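What follows is each chain in one-letter form.
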Amino acid sequence: MNNKISFWLEKYLQPVGAKLAANKPLNSIRDGIALSMPLIIVGSMAFLSIHLKTG
């Protein structure tokens, strides 16, 4: 059963994934999100800590 699912994923989704991975604008968006994620997490934690203390 698991082998059938794996075969289906490799046959149908892998070509789509390869095309998306080769797309430069999508790579730029992915890299930008990856670079901003630590700042978003730190900012969210600061926001929560400020609002939980006053609430």
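Residues numbered from 1 in each chain as written. Predicted model: local features only at pLDDT ≥ 70, side-chain atom pairs only at ≥ 80, totals over all residues. Heavy atoms only, no water.

J.: Would you take a moment to explain the environment of N23 for this structure?
T.: Checked against the element boundaries, N23 lands in the loop between α1 (2-21) and α2 (24-54). For N23 and N2, which are 21 residues apart along the polypeptide, the C-alpha to C-alpha distance reads 30 Å. (Helix = DSSP H or I, 4+ residues; strand = E, 2+ residues; numbered from the N terminus.)

J.: So what exactly am I meant to see when it comes to the packing of aromatic side chains here?
T.: The geometry of an aromatic ring pair is captured by the separation of the ring centres together with the interplanar angle, meaning the angle of the planes. Here the structure, examined in full by the defined rule, presents one aromatic pair. With centroids separated by 5.5 Å and ring planes inclined at 45°, the aromatic side chains of W8 and Y12 adopt a geometry described as tilted. Taken as a pair, W8 and Y12 lie in helix α1 at a separation of four residues, close to a single helical turn. Given a relative accessible area of 44%, W8 falls into the partly exposed group. Given a relative accessible area of 44%, Y12 falls into the partly exposed group. (Phe/Tyr/Trp six-rings, centres within 6.5 Å; stacked < 30°, edge-to-face > 60°. Buried < 20%, exposed > 50% of the residue type's maximum accessible area, 1.4 Å probe, protein only.)

J.: Is there a simple way to think about the side chain of N27 in this case?
T.: By the secondary structure assignment, N27 is in helix α2. Sequence-distant contacts of N27, that is, excluding residues within four places in its chain, are made with A21 and A22. (Contact = heavy atoms within 4.5 Å.)

J.: Would you mind going over the pattern of salt bridges with me for this structure?
T.: Note on pairing: side chains with opposite charge can pair once their charged atoms come close. Counted according to the given criterion, the structure contains one salt bridge. A salt bridge links D31 to R30, with the nearest nitrogen and oxygen atoms 3.1 Å apart. (Salt bridge = Lys/Arg side-chain N within 4 Å of Asp/Glu carboxyl O.)

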